[in-house]
Amino acid sequence: MRTLNTIAVVGASLAGLRAVQTLRKEGFAGDITLIGAEHHLPYNRPPLSKSMLRADDEITLPGAEDLGDQWLKGRQAVRLNAAGRRLTLDDGSEIGYDGLIIATGARPRRLPSHPEGVHTLRTVEDSLALRAELRAGHEHVVVIGGGFIGGEVASTARALGHDVTLVDASPYPMTNVLGAEAARWLAHHHRDNGVDLVSKTRVTGFEVDGRVTGVRLSDGRTLPADLVIAGMGVIPNTGWLESSGLTLSDGVVCDETLFAAPNMVAAGDVARWPHTLFGGELVRVEHWANASDQGALAALNLLAGPENAKPYADLPSFATHMHGARIQTAGLPHLADASHIVTGSPGEDRFAIAFARNGVLVGAVAVNAPKDLIRLKRATAAADRLDSLT
Ligand SMILES: Cc1cc2nc3c(=O)[nH]c(=O)nc-3n(C[C@H](O)[C@H](O)[C@H](O)COP(=O)(O)OP(=O)(O)OC[C@H]3O[C@@H](n4cnc5c(N)ncnc54)[C@H](O)[C@@H]3O)c2cc1C
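Residues numbered from 1 in each chain as written. Predicted model: local features only at pLDDT ≥ 70, side-chain atom pairs only at ≥ 80, totals over all residues. Heavy atoms only, no water.

The subject of this paragraph is the pairing of strand β27 (residues 360-367). The element β27 is extensively covered by neighbouring structure, given that 7 of its 8 residues are classed as buried. In terms of strand pairing, strand β26 (residues 350-357) meets β27 through 7 bridges, oriented antiparallel. Its bridge partner being in β27, Phe351 is matched across the sheet by Val367. Here β26 folds back onto β27 in antiparallel fashion, the turn holding 2 residues, of which Asn358 has a positive phi close to 50°. (Buried < 20%, exposed > 50% of the residue type's maximum accessible area, 1.4 Å probe, protein only. Helix = DSSP H or I, 4+ residues; strand = E, 2+ residues; numbered from the N terminus. Pairing = 2+ DSSP bridges.)

Printed below as a string of structure tokens:
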């Protein structure tokens, strides 16, 4: 272990908390300063678009209560002087460090204007505000974007009895994540569960009368809307690093061991790194398990130093529920040039698809087939060939 006396962690959510917990577990006895823009104990975001919209309020991450005095709550880092190893915070104060962990996550992409009644979903405040609106009994709920957040919110709003229109730019929602076959199934699944799915269409603006009354579409139509949720993807929080000299390109670009510079590592939604399992393809992953595992490894690697650091090569994996169906992915199906259904069929609402590039597995998608996902995940991690499954 090399000698570091002070470590600063910027971002007090899942990746940041895991990093702090790992530093302590490894016996790091120096000072840790955790800087977090939010005013809450670190909490779990997945319930924000699911159980919390109904009732659940207990989302604090285990171990978050043990953060001591060195947690600067409600404070934002606004600038990094990498050469001088100093951070500037939003109150003008400065913090020096020997090692830095960057875990500032991502924020929702927004349209140019968001009038009252138009929501995004990232924080506990966002979820509580949306919950209050869903309880207020609006007639026309419009969800923009058919990704996992949009799909989950559409599903929850339907379960609460709302009329829901889902507007999505692609021919089938989540095609880039699930591949064409599973995405086609998802489109049917939304429609079978009463969602009015408007595909191949973009939102161009809003009609407003005090609050939102309509959503203007690229095909010239206007949908009536009194509640809108925009789920249009996220942007990594790297603004505070603009003048730092770090390489920023859709996230903080790191090496395969998560080092962005010799004394700096990044983890979670903000980190982009070359994935050794996929030929060094630069990836940024916006999943819970990735943030948790990377937070831990980034801390270990920072303590070990670049020469002793281990690559982060875990397979990305993700699970969601929409209208009662369990949808899981592993690996990076979007890299594939071929795919094959290995179990079930979309018509049965139960199937698993293996994805390959140049004959080698790169990912899997399973719908209501969790055991198949486990099998395909193992095979993908082992870089098995697609033809070994058929
Ligand atoms: C509604 C919702 C549902 C989700 N559902 C799932 C799911 O079902 N499955 C799944 O795998 N993943 C899901 N995710 C994704 C998962 O929650 C994220 O991948 C995870 O939260 C990433 O953790 P993180 O610590 O990297 O970043 P974040 O959770 O984004 O945290 C970053 C923190 O840094 C703070 N910050 C930003 N800039 C600064 C700064 N300059 N100074 C100080 N602090 C700063 C932010 O305020 C934030 O608290 C969901 C996400 C959302 C929003």
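This brings us to the environment of Met232. Considering the arrangement of structural elements, one finds Met232 in the loop between β16 (227-230) and β17 (234-236). In this structure the C-alpha to C-alpha distance between Met232 and Thr120, which are 112 residues apart in sequence, comes to 8.8 Å. Excluding residues within four positions of it along the chain, Met232 makes contact with Arg109, Arg110, Leu111 and Ile144. (Contact = heavy atoms within 4.5 Å.)

Because each turn of an α-helix spans 3.6 residues, side chains separated by three or four positions end up pointing in the same direction. Given a rise of 1.5 Å per residue, 17 residues ought to cover 24 Å, and the 25 Å separating the end C-alpha atoms of helix α6 (residues 288-304) matches this to within 8%. Of all the positions in α6, only Asn290, Ala291, Ser292, Gln294, Gly295, Leu297, Ala298, Ala299, Asn301, Leu302 and Leu303 are classed as buried. Following α6 by one or two positions, Gly305 has its phi on the positive side, about 90°. (Expected span 1.5 Å × (residues − 1).)

To continue, consider helix α4 (residues 148-159). The terminal C-alpha atoms of α4 lie 16 Å apart, and with 12 residues this matches the ideal 16 Å at 1.5 Å per residue to within 8%. For α4, every residue scored as buried is listed here: Gly150, Gly151, Glu152, Val153, Ala154, Ser155, Thr156 and Ala157. Just downstream of α4, Gly161 is the residue with a positive phi angle, here 95°.

Taken as a whole and judged by the stated rule, the model has 15 salt bridges. In this structure, the salt-bridge partner of Arg45 is Glu38, at a minimum N-O distance of 2.8 Å. Judged by relative accessible area, Glu38 falls into the partly exposed class, the value being 23%. With its nearest N and O atoms 3.2 Å apart, the salt bridge here joins Asp250 to Arg284. Here Asp250, found in the loop between β17 and β18 (252-253), pairs with Arg284, found in the loop between β22 (281-283) and α6; they are 34 residues apart in sequence, far enough to count as distant. One salt-bridge network, in which partners are shared between bridges, spans Arg75, Asp90 and Asp91. (Salt bridge = Lys/Arg side-chain N within 4 Å of Asp/Glu carboxyl O.)

This part takes up the site of the ligand. The environment of the ligand is made up of 36 residues, and the closest members are Glu38, Arg45, Lys50, Arg122 and Asp269. One of the side-chain nitrogen or oxygen atoms of Arg45 is found 2.6 Å away from an oxygen atom of the ligand. Ala106 is positioned such that a nitrogen or oxygen atom in its backbone is 3.4 Å from an oxygen atom of the ligand. For the ligand, whose free accessible area comes to 1,000 Å², the fraction covered by protein is 94%. Counting only elements with at least two residues in the shell around the ligand, the list comes to α1 (14-25), β2 (31-36), α4, α6 and β23 (317-322). If one sorts the elements of the shell around the ligand by residue count, α4 sits on top with 3 residues. Of the residues that constitute the shell around the ligand, the class distribution is 18 nonpolar, 10 polar and 8 charged. Each of domain 1 (6-107 + 234-308) and domain 2 (110-230) contributes no fewer than three residues to the shell around the ligand. (Near = heavy atom within 4 Å. Polar contact = N/O pair within 3.5 Å; in protein donor to acceptor, adjacent residues only side chain to side chain. Areas by Shrake-Rupley, 256 points an atom, 1.4 Å probe, with all protein chains shown as cover. Nonpolar A, V, L, I, M, F, W, Y, C, P; charged D, E, K, R; others polar. Domains from an automatic or database assignment.)

Glancing now at the sheet that holds strand β7 (residues 99-102). Read across the sheet, 6 strands follow the order β3-β2-β1-β7-β20-β19 without closing on themselves; strand pairing throughout is mixed. Each edge of the open sheet is held by one strand with a lone partner, namely β3 (71-73) and β19 (259-261). Between one strand axis and the next, the sheet turns by 20° as a mean value, whatever way the strands run. With 3 bridges connecting them, β7 and strand β20 (residues 264-266) associate as parallel partners. (Axes fitted to C-alpha atoms, helices over the stretch in contact; angles between N-to-C directions.)

This part takes up the domain arrangement of the protein. Domain parsing of the protein yields domain 1 (6-107 + 234-308), domain 2 (110-230) and domain 3 (324-388). For domain 1 and domain 2, the distance between their C-alpha centres works out to 30 Å. Listed as interface residues are 18 residues of domain 1 and, on the opposing side, 17 residues of domain 2. A buried area of about 1,500 Å², summed over both sides, lies between domain 1 and domain 2, and 53% of it is on carbon and sulfur atoms. The largest contributions to the domain 1 side of the interface with domain 2 come from Ser49, Leu53 and Arg54, which together make up 39% of the buried area. Here domain 1 and domain 2 share 2 salt bridges between them. The residue Arg122 makes a salt bridge to Asp269 at a minimum N-O spacing of 2.9 Å. In this structure, the connection of domain 1 to domain 2 is made through 12 residue pairs in polar contact (both at pLDDT 80 or more). (Buried area = accessible area lost by both parts, 1.4 Å probe.)

The next subject is the environment of Gly245. If you trace the backbone, Gly245 turns up in the loop between β17 and β18. On the basis of relative accessibility, which here comes to 69%, the residue Gly245 falls in the exposed class. Sequence separation between Gly245 and Leu80 is 165 residues, and the spatial gap between their C-alpha atoms is 9.1 Å.

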